[in-house]
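If you want the building blocks of each chain, they are given just below.
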Amino acid sequence: MDKHDLKSELIRRFVAYAAVDTRSDDSSETCPSTPGQLVLARQLADELEAIGLTEVTLDANGYVMATLPATSAKAVPTIGFLAHMDTASDFTGTNVKPQLIESYDGGDIVLSAEPGITLSPREFPELAGYKGQTLLTTDGTTLLGADDKAGIAEIMTAMAYLAAHPEIPHGRIRVGFLPDEEIGRGPHRFDVAAFGADFAYTMDGGPLGELEYESFNAAEAVVTIQGKNVHPGYAKGKMLNAQSIGMALHGRLPAGEVPEFTEGYEGFFHLISFEGTVDRTRMRYIIRDFDRESFENRKSLLATIAEEFRQTYGAGSVTLELKDQYYNMREKIEPVMHIVELARQALEDCGVKPDIKPIRGGTDGSQLSYMGLPTPNLFAGGENFHGRYEYVSADTMVKAAEVILRIAALAEEQA
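Residues numbered from 1 in each chain as written. Predicted model: local features only at pLDDT ≥ 70, side-chain atom pairs only at ≥ 80, totals over all residues. Heavy atoms only, no water.

> Any chance you could explain the overall build of the protein chain here in plain terms?
Across its full length, the protein chain holds 10 helices and 18 strands. Principal axes of the C-alpha set define a box for the protein chain whose edges measure 85 × 50 × 40 Å. Relative to its full complement of 415 residues, the protein chain shows a buried share of 53%. Look at the contacts in the protein chain between residues 6 or more apart in sequence, and 79% of them connect residues 24 or more apart. Counting every atom, the protein chain has about 17,400 Å² of accessible surface; 51% of that belongs to carbon and sulfur. One finds the centroid of the 37 positive side-chain charges in the protein chain at a distance of 5 Å from the centroid of its 62 negative side-chain charges. (Helix = DSSP H or I, 4+ residues; strand = E, 2+ residues; numbered from the N terminus. Buried < 20%, exposed > 50% of the residue type's maximum accessible area, 1.4 Å probe, protein only. Contact = heavy atoms within 4.5 Å. Areas by Shrake-Rupley, 256 points an atom, 1.4 Å probe, with all protein chains shown as cover. Lys, Arg positive; Asp, Glu negative; His and termini not counted. Charge placed at Lys NZ, Arg CZ, Asp CG, Glu CD.)

> Before we go on, may I ask you to explain the sheet that holds strand 18 (residues 391-393) in this structure?
In a beta sheet, neighbouring strands are held together by backbone hydrogen bonds and run either parallel or antiparallel to one another. Pairing within the open sheet is antiparallel, and its 4 strands lie in the order 4-7-18-17. Both edges of this open sheet fall to strand 4 (99-101) and strand 17 (382-383), since each of them pairs with a single strand only. Direction of pairing for strand 4 relative to strand 7 (residues 135-137): antiparallel, over a ladder of 3 bridges. Residue Leu100 lies in a different strand from strand 7, and its bridge partner there is Leu136. (Pairing = 2+ DSSP bridges.)

> Teacher, can you tell me more about the side chain of Asp86 here?
Along the polypeptide, Asp86 turns up in the loop between strand 3 (79-84) and strand 4. The side chain of Asp86 sits in the buried core without any salt bridge; Lys149 is the nearest counter-charge, 8.9 Å away. Within the structure, Asp86 has its side chain in polar contact with the side chain of Ser24 (distance 2.9 Å). Among the polar contacts made by the side chain of Asp86, one reaches the main-chain amide nitrogen of Glu181 at a distance of 3.0 Å. (Salt bridge = Lys/Arg side-chain N within 4 Å of Asp/Glu carboxyl O. Polar contact = N/O pair within 3.5 Å; in protein donor to acceptor, adjacent residues only side chain to side chain.)

> Got a minute to help me understand the sheet that holds strand 13 (residues 280-289) in this structure?
Across the sheet, 4 strands lie side by side as 12-13-11-14; this open sheet has antiparallel pairing. Because the sheet does not close on itself, it has two edges, and the strands there are strand 12 (268-276) and strand 14 (318-326). Neighbour-to-neighbour, the strand axes of the sheet open up by a mean angle of 15°, direction not taken into account. Taken together, the 8 bridges between strand 12 and strand 13 define a ladder with antiparallel strand orientation. In the strand pairing of strand 13, His270 is matched with Ile286. Against the sheet, helix 5 (residues 242-251) touches strand 11 (217-226), strand 12, strand 13 and strand 14, its axis set at about 15° to strand 13. Sitting on the sheet, helix 6 (residues 292-313) is in contact with strand 11, strand 12, strand 13 and strand 14, with an inclination near 165° to strand 14. (Axes fitted to C-alpha atoms, helices over the stretch in contact; angles between N-to-C directions.)

> Help me out: how do you make sense of the domain arrangement of the protein chain in this one?
Size of an interface: often given as the accessible area lost when the parts come together. Here the domain parsing of the protein chain yields domain 1 (3-214 + 328-414) and domain 2 (217-326). Taking only C-alpha atoms, the centre of domain 1 and the centre of domain 2 are 35 Å apart. The partner domain 2 presents 12 residues to the 13 residues of domain 1 that form the contact. Summed over both sides, the interface of domain 1 with domain 2 buries roughly 980 Å², with 45% coming from carbon and sulfur. It is Asn328, Pro358 and Arg360 in domain 1 that bury the most area against domain 2; as a group they hold 53% of the surface buried on that side. Across the domain 1-domain 2 interface, the total number found is 1 salt bridge. A salt bridge links Arg292 to Glu331; the nearest nitrogen and oxygen atoms lie 3.6 Å apart. Between the two partners, domain 1 and domain 2, sit 8 residue pairs in polar contact (both at pLDDT 80 or more). Residue assignment for the side of domain 1 that touches domain 2 shows that the elements contributing at least two residues are helix 7 (330-333) and helix 9 (364-370). For the side of domain 1 that touches domain 2, the class distribution of residues is 3 nonpolar, 5 polar and 5 charged. (Domains from an automatic or database assignment. Buried area = accessible area lost by both parts, 1.4 Å probe. Nonpolar A, V, L, I, M, F, W, Y, C, P; charged D, E, K, R; others polar.)

> Before we go on, may I ask you to explain the UniProt feature "domain: Peptidase M20 dimerisation" (unreviewed entry) in the protein chain in this structure?
When the UniProt feature table is mapped to this numbering, "domain: Peptidase M20 dimerisation" (unreviewed entry) covers residues 213-315. Taken end to end, residues 213-315 comprises 31% helix and 28% strand; its first and last C-alpha atoms sit 43 Å apart. (UniProt positions renumbered as here; feature names shortened; annotations may be inferred.)

> Whenever I open this one, unusual backbone geometry confuses me. Can you help?
For residues besides glycine, phi is generally negative; the peptide bonds are generally trans as well. The omega torsion across Cys31 and Pro32 is 0°, close enough to zero to call that bond cis. Locating Pro32 in the fold gives a position in the loop between helix 1 (3-18) and helix 2 (35-50). A cis amide bond links Asp147 to the next residue, Asp148, at an omega of 15°. One can find Asp148 in helix 3 (residues 146-164). For Ser103, which is not a glycine, the phi torsion comes out positive at approximately 45°. Structurally, Ser103 is set in the loop between strand 4 and strand 5 (109-112). Positioned with a positive phi, Asn384 is a non-glycine residue whose angle comes to about 55°.

See the structure below:
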């Protein structure tokens, strides 16, 4: 395999995908939530046909599926490779113009001369580890979209390579590109039966070597507080300031159990938004924990606090809406740990040290695993997701594509 050609193909594809604005929108009720995702979906479907895959489908909801037919007569499991098309709404994804940094020298990278935005290893120490590599960065005005267009490029490049080399034995491979992962809806309309894979891998992780089969248990909570607004000069004994009540309610949660103070297997409460007036305030939280019992305890704690505030301020003063989003996929993957072992062996065979750790977040695999498709997560190479300081190493992307190829080959060898 010519790694230079592989790298060039990965860069070319990634830049083309990044140019399409595919930010998802959680306020939208459509699927996909934004039209740009359908633009990219059509582009990917056309490309899959062009490189020789079969059974290429694009449904009305923006889900793309395709098949690379088996070249082996063995009874090899059907393996799926998945990535999501949307990018986060946290930062603009309009007019993304990736910058190519050849042979990175280990120093500061000026992303934009105006207003002087710099990607520096002083602020992002892991950047120094990429010295000598080829990097793709933003121009300082948008996000990059490595999450997860790097994953798309890696899957597409690996499939193109296998399609062009039918002499390489492998089983049937299914490819899927999903919308709306960033807003938690990616698998909602994904047809697991139609996909028809025995197991799959999302190419949606971060740095080189990541292999993840544990995710958070996740819930969303919305607290709405109805206050009473009267003239502040005559408010004594009458006013109920919904904002003040909201701050007091938030203060009842454990101060140290928030994202900025937690790591590893530690869970948290995260106040996503606080909007309101004296009359009415709305607070939106996400609740995360790896342990199911602790997860349930977190939800119960918030419910108990909300009830106490209702008792204090009146029956209609505080409402709480709790909704589970996804669960720890470990529960569904542990019974089929051979699929994690297959990926681990493929990493090692490609000269990559496996970094097996829990995802402090969720991927489409979190939900898909509960839908009957066990789906661990593999690295795609990006760093500093969702903002102007996002970057990805093309060298890491090459390794990710090689790992995909090795998983396919290793599964055939072991069949």
